[in-house]
Amino acid sequence: MNVSFTTFDKVTMNDNAFAYDLLGMYIGELKDYLVQVAPIIAARDVGAYRFLNHKVRSMVNTLEASYLLEAQANLQQQITKGASQQEINELHQKLVSIVNQLIKVLEEKKKHYAEFDNQPA
């Protein structure tokens, strides 16, 4: 799983303190996403799922993490077409795994900025 920080660096204009704070916000948003997405998927509420995905879309685009967008779209498609509960559960677990891996990458990058700017990790 790759995360490109090229766009992120442009957005933060290489301001280390801003990058540190923004990564903290991104990590929080992704953790909130994981909490919110589970009941939405369980209810197979496509509208709420699309809305929740939209809330994190700009962040995902900034990180150039298209694999997360693909996982979200795939799960939405399967919910829409009425896939079995087992298929939905497997795709949900894949989504959770991707988000957790992304969180770990962001936490590592945040540590880099903490060391660089003497920020608390």
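Note that this is a predicted model, so its numbers are computed, not measured. (Residues numbered from 1 in each chain as written. Predicted model: local features only at pLDDT ≥ 70, side-chain atom pairs only at ≥ 80, totals over all residues. Heavy atoms only, no water.)

A.B. asks: Can you help me understand unusual backbone geometry in this one?
C.D. replies: As a rule of thumb, non-glycine residues mostly have phi less than zero, and peptide bonds are mostly trans rather than cis. One non-glycine residue, Met 13, lies in the positive phi region at around 50 degrees. With respect to the helices and strands, the residue Met 13 is situated in the loop between helix 1 (6-12) and helix 2 (16-42). Residue classification places Met 13 among the exposed positions, given a relative accessible area of 70%. Phi angles above zero are rare outside glycine, and Glu 64 is one such case at about 55 degrees. Within the fold, Glu 64 resides in the loop between helix 3 (46-62) and helix 4 (66-80). (Helix = DSSP H or I, 4+ residues; strand = E, 2+ residues; numbered from the N terminus. Buried < 20%, exposed > 50% of the residue type's maximum accessible area, 1.4 Å probe, protein only.)

A.B. asks: Where do I start with the pattern of salt bridges in this structure?
C.D. replies: Pairs can form between side chains of opposite charge once their charged atoms are near each other. This model, assessed by the stated rule, comprises 2 salt bridges. Measuring nitrogen to oxygen at the nearest pair gives 3.5 Å for the salt bridge that ties Lys 31 to Glu 107. Residue Lys 31 is found in helix 2, and its partner Glu 107 is found in helix 5 (residues 85-117); the two are separated by 76 residues along the sequence. When its relative accessible area of 30% is taken as the criterion, Glu 107 is described as partly exposed. When the shortest N-O distance is used, the salt bridge between Lys 111 and Glu 108 registers 3.3 Å. Taken as a pair, Lys 111 and Glu 108 lie in helix 5 at a separation of 3 residues, close to a single helical turn. The class of Lys 111 is partly exposed, set by a relative accessible area of 40%. Looking at Glu 108, the relative accessible area reads 48%, which means it is partly exposed. (Salt bridge = Lys/Arg side-chain N within 4 Å of Asp/Glu carboxyl O.)

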